[in-house]
Amino acid sequence: MNIIPDLRQLFIRLEIFVLHRLTMIRFILFFFSFFLSVVWAVGQAPIKNKQGVEFQITQAKSSIKLDGVLDEPDWLNAHVASHFYMNSPVDTMAPTYQTEARVTFDEHFFYVSFVCYDNMDKPNIVQSLRRDFDFMLNDNMGIYIDPYNDHTNGFYFLISPYNVQTEGTIYGGGNFFDAYNNSWDNKWYSEVKRYPDKWVAELAIPFKSFRYNNRVENWNVTFLRHDLKHNQLSSWIATPFQYNPASFSYTGKLMWEQPPPHPGANVSLIPYVAGASSSSDAENGIAATSSATVGLDAKVAVTPALNLDLTVNPDFSNVEVDRQVINLTRFEYQFPERRTFFLENSDLFSTPGYFDTRPFFSRRIGLVRDASGNLTKVPIAYGARLSGKIGENWRLGVMNLQTKKSESLGLPDQNYTVAVVQRQIFSRSNIDFFVVNKQSLIQETYDSTKFYHTDLVRKVWNGSDTVKKLNLYNRVIGADFNLFTKSNRWNGDFYYHRSLDAFNTTGTYSYGGFLGYFTRYVSALSSLSGVGKNYNAEVGFVPAQVVYGGFTGGFNRVEGKIYPKYGSITSMGPGLELDFTRILNGTVTDRAWVADYVINFKNTARLFASGRRIFQLLPMSYNPIDPNGTAIFLTGQKFEWNETNLQFNSDMRKIFTYSFNTSAGHYYDGTKYGIGGTISYRYQPYVNVMVTYDYQNIKLSYGSARFLLVSPRVDLTFTSKLFFTTIVQYNDRYNNVGLNARFQWRFKPASDFFIVYTENYFSDSFASRNRALVLKLTYWLNL
């Protein structure tokens, strides 16, 4: 028997066995190492706070001193909202500098504190020390609250590193850019302290300053920081890039250990006294006048969630002037409402319909066109508004105002009423029903020397002749359904309205349907609306009705988004759109194909380019150069042309910034070229100088025109309570140069002293048209 081969086989088998076991050991060691790596990576990954995460608020046991030092026991023991996550320019990581938020309360105040870690060697970016700053142009930190727990309505309070305040209202769940209104003004307190590695803010918001439902067990809340210095937008609740991190779709739950206190008797009086001196040029034959007026605003909390606002002899002389535009369209331009009385809970009254089919537009009250087409004030005698929440699912809004008789304009006393009731349905959607009524308080027949304003007079056929009759009332009734899904992917708006007056019973409808779908990479929107031949919303905004006399219109748009992983671009993508309008016989009068592309850069710059193919069939004669002049293009003429547009906004973080918007192409039977934009320089936080410009060069077969708008604005903020603003607007399209200078001293919270000087000149001769000097004092008094 040969033993050596057997031993050799034995060793070979033993070697195979050992190698096999070593391979298994290596595999086990590799797997274990991989497992540990995954566990370590998960442990190192930033925490994402998800929607609905609970955040406890407990009552303060001692007083809170606003000093930017969080050394009170209540702050030390308060729950901390931390682990903020970025939304922009990317949504895949935590911000460079984290933030902490805390809340507490006592019998009178809702307290909020922020710890904003930062590189304090690098200066923060602020435009000025003026209240109500622009969110996008300033470093700031804020709280966004839905105190009704309906994911629809609420408030926000923002603070800058220089202790500049901004507050506002939110409607529609905060899902749209215009859902945030910072014109709402109220009283609250704050202090900010700057440290070597952070800045700390403390806010004390009186429960009397905002409306809330003290019966609900929790509020929806989130915290949002705009770190413009580092171009990072981060929020407490992680929010995908395509959605707004301040919307109530991405909030946590503020859990009250006990219900928020009832504010008790909550009445605020805001009296004012004003003196004015004005004069007009001799051509108008109006002598200089002087006047002194007094008036009163009052705010009465009927319940913690329902407010009554009253105004007697209101004065809006301190409201900022409208920014002039060069309007080359056939339609009326919509200037924003800036008068304070119309702003709180304004969404109840101003959102029915679409942006161009609104049944109610508050600027129709107290402002009318005179015989020359100039916007003229009509004094408001008094007004009242009841608005807010009733229970958990109902909102109510009722507003009534009365304007005074104006013989120079041919208008009698007129009364305006708007009433809206809204019911929340499903999780975040709502349906509302409304009525708008305009009533002229006279019982007379038409008199050409007494009541003759075009808004008041109608021509009717009496069987043998056309005669003029007074239009004594106009009403619009309707219903709107607003769709908002929990995921924010779908939203929609559907409505049906009818107008009522003494002259028309048919064709008085207005309807619309909109549906939008939004994802990270693709968004699609589609809308269709129609207006009947005799639809007449005298207190609304339907600019196309004057041109078409009944129409159907719509748009369809699809957008794509690309997110490069490397380089200087955060997002970019194409868009394709089709807009059209048909008159009631089915004829297409307007059509526009649009293709565009947008690029957003990491340094906050933005580039946008578009091309349009435009078709128009004129439903009425038109003069593009002078809409009030002799019509050159006649009804039924067809035009088709191409137009290109290029826009660029520079890095908004810089001391010197600029933007431009160029357009070029054909225009009816000729050409049109234009350039506009802004140039801005700031010496922060005290001086901000900005020049807005717009130049349009039009050449048509029958003539040409060049229009220029130049508007320099100087904003001086000496302190957080002392401001001076001057704006000049040169607009040769309307032969006007406007000057508005406004000095404001906020001597107490929500209490101001104003000096306002306004003058208008002819742009061709610079001769004065009119001028006015106003001194006004307001004082906010809590009872």
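Because the structure is a prediction, the values reported are computed rather than measured.

(A) Focus on the overall build of the chain. Helices and strands together make up the secondary structure of the chain, namely four helices and 42 strands. In terms of its C-alpha atoms, the chain occupies a principal-axis envelope of roughly 140 × 65 × 50 Å. Out of the 783 residues belonging to the chain, those deemed buried represent 49%. Across the chain, the fraction of contacts at a sequence separation of at least 24, relative to all contacts at a separation of at least 6, is 59%. Total accessible area on the chain stands at roughly 36900 Å², and carbon and sulfur atoms take up 60% of it.

(B) Examining a nonpolar patch on the surface more closely. Judged by side-chain polarity, Ile 655, Phe 656, Tyr 658, Ile 679, Tyr 681, Tyr 683 and Tyr 686 come together as a nonpolar surface patch covering roughly 720 Å² of accessible area. Listed by contribution, the elements that provide at least two residues to the nonpolar patch are β34 (656-667) and β35 (670-683). At three residues, the largest contribution of residues to the nonpolar patch is made by β35. Tracing the chain through its elements places Ile 679 in strand β35. For Ile 679, a relative accessible area of 40% puts it in the partly exposed group.

(C) Main features of unusual backbone geometry. Here the residue pair Ser 88 and Pro 89 is connected by a cis peptide bond, since its omega of 10 degrees sits within 30 degrees of zero. Along the chain, Pro 89 turns up in the loop between β2 (85-88) and β3 (99-105). Omega for the bond connecting Gln 684 with Pro 685 falls within 30 degrees of zero, at 0 degrees, which places this linkage in the cis form. By the secondary structure assignment, Pro 685 is in the loop between β35 and β36 (687-700). A positive phi is found at His 151, a non-glycine position, where the angle reads about 55 degrees. Its place among the elements puts His 151 in the loop between β5 (140-146) and β6 (154-159). A relative accessible area of 16% places His 151 in the buried class. Here the phi dihedral of Thr 604 falls at roughly 80 degrees; this positive angle occurs in a residue that is not glycine. Note that Thr 604 resides in the loop between β31 (588-601) and β32 (606-617). Looking at Thr 604, the relative accessible area reads 14%, which means it is buried.

(D) Just the sheet that holds strand β4 (residues 109-117), in detail. An order of β3-β4-β10-β9 is seen for the four strands of this open sheet, with the pairing classed as antiparallel. Strands with a single pairing partner mark the edges of an open sheet, and in this sheet they are β3 and β9 (189-195). With direction set aside, neighbouring strand axes in the sheet form an average angle of 10 degrees.

(E) Region of interest: the nonpolar core. Judged by nonpolar contacts, the single largest core of 45 residues is most densely connected at Phe 110, Phe 114, Ile 143, Phe 157, Phe 210 and Phe 223. Not counting the four nearest positions on each side in its chain, Phe 114 is found in contact with Glu 100, Ala 101, Met 141, Gly 142, Ile 143, Ile 159, Trp 199, Val 200, Ala 201, Leu 203 and Phe 223. Formed by 25 residues, the second largest nonpolar core is a distinct cluster that contains Leu 348, Ile 365, Leu 401 and Val 420.

(F) Layout of the environment of Ser 487. For Ser 487, the position within the fold is in the loop between β25 (473-484) and β26 (490-500). Residue classification places Ser 487 among the partly exposed residues on the basis of a relative accessible area of 39%. Expressed as a C-alpha distance, the spacing of Ser 487 and Phe 518, which sit 31 residues apart in the sequence, is 9.7 Å. Excluding residues that lie within four positions of it along the chain, Ser 487 makes contacts with Tyr 243 and Tyr 250.

(G) Seen up close, the pattern of salt bridges. Applying the stated rule across the entire model yields 31 salt bridges. Put simply, Asp 315 and Lys 776 hold a salt bridge, and the shortest N to O gap is 3.2 Å. Residue Asp 315 is located in the loop between β16 (306-312) and α3 (346-350), and its partner Lys 776 is located in strand β41 (residues 768-778); the two are separated by 461 residues in the primary sequence. Lys 776 gets classed as buried once you look at its relative accessible area, which sits at 5%. A salt bridge links Glu 643 to Lys 672; its shortest N-O distance comes to 3.8 Å. A residue pair is termed long-range when its members are at least 10 positions apart, and Glu 643 in strand β33 (residues 638-649) and Lys 672 in strand β35 qualify at 29 residues. Among the residues examined, Glu 643 registers a relative accessible area of 17% and is labelled buried.

(H) Just the pairing of β4, in detail. Of all nine residues in β4, seven are buried, a share of seventy percent or more. Judged from the seven bridges that link them, β3 and β4 form a sheet pairing that is antiparallel. In the strand pairing of β4, Val 103 is matched with Val 112. The turn linking β3 back onto β4 is made up of three residues. Pairing between β4 and strand β10 (residues 198-206): nine bridges, direction antiparallel.

(I) Quick peek at the pairing of strand β23 (residues 457-461). As paired strands, β23 and strand β24 (residues 466-470) are joined by five bridges and run antiparallel to one another. Residue pairing across strands places Val 460 opposite Val 467, the latter belonging to β24. Between β23 and β24, which pair antiparallel in sequence order, lie four residues; one of them, Gly 463, sits at a positive phi of approximately 110 degrees.

(J) Layout of the confidence of the model for the chain. Predicted confidence across the chain gives a mean pLDDT of 90, with 93% of residues reaching 70 or more. In the model, residues 34-44 has pLDDT below 50 throughout and makes zero contacts with residues more than four positions away in sequence or in other chains.

(K) Main features of the packing of aromatic side chains. This structure, assessed with the given rule, holds 53 aromatic pairs. Geometrically, the ring pair formed by Phe 210 and Tyr 212 is tilted, given 5.5 Å between the ring centres and 45 degrees between the ring planes. Phe 210 gets classed as buried once you look at its relative accessible area, which sits at 1%. Look at Tyr 333 and Phe 335: their rings are 4.8 Å apart centre to centre, the planes differ by 70 degrees, and that puts the pair in the edge-to-face class. Among the aromatic residues, those joined into a ring-pair cluster are Phe 105, Phe 110, Phe 155, Phe 157, Trp 184, Trp 188, Phe 207, Phe 210, Tyr 212, Trp 219 and Trp 256. It is Arg 194 that lies over the ring of Tyr 162; its NZ or CZ is 5.0 Å from the centre.

Parameters and conventions
Residues numbered from 1 in each chain as written. Predicted model: local features only at pLDDT ≥ 70, side-chain atom pairs only at ≥ 80, totals over all residues. Heavy atoms only, no water. Helix = DSSP H or I, 4+ residues; strand = E, 2+ residues; numbered from the N terminus. Buried < 20%, exposed > 50% of the residue type's maximum accessible area, 1.4 Å probe, protein only. Contact = heavy atoms within 4.5 Å. Areas by Shrake-Rupley, 256 points an atom, 1.4 Å probe, with all protein chains shown as cover. Patch = residues over 30% accessible without salt bridge, like charges linked within 9 Å, V, L, I, M, F, W, Y side chains within 5 Å. Salt bridge = Lys/Arg side-chain N within 4 Å of Asp/Glu carboxyl O. Pairing = 2+ DSSP bridges. Axes fitted to C-alpha atoms, helices over the stretch in contact; angles between N-to-C directions. Core = buried A, V, L, I, M, F, W, Y, C linked by side-chain atoms within 4.5 Å. pLDDT = per-residue confidence, 0-100. Phe/Tyr/Trp six-rings, centres within 6.5 Å; stacked < 30°, edge-to-face > 60°. Lys NZ or Arg CZ within 6 Å of the ring centre and 35° of its normal.

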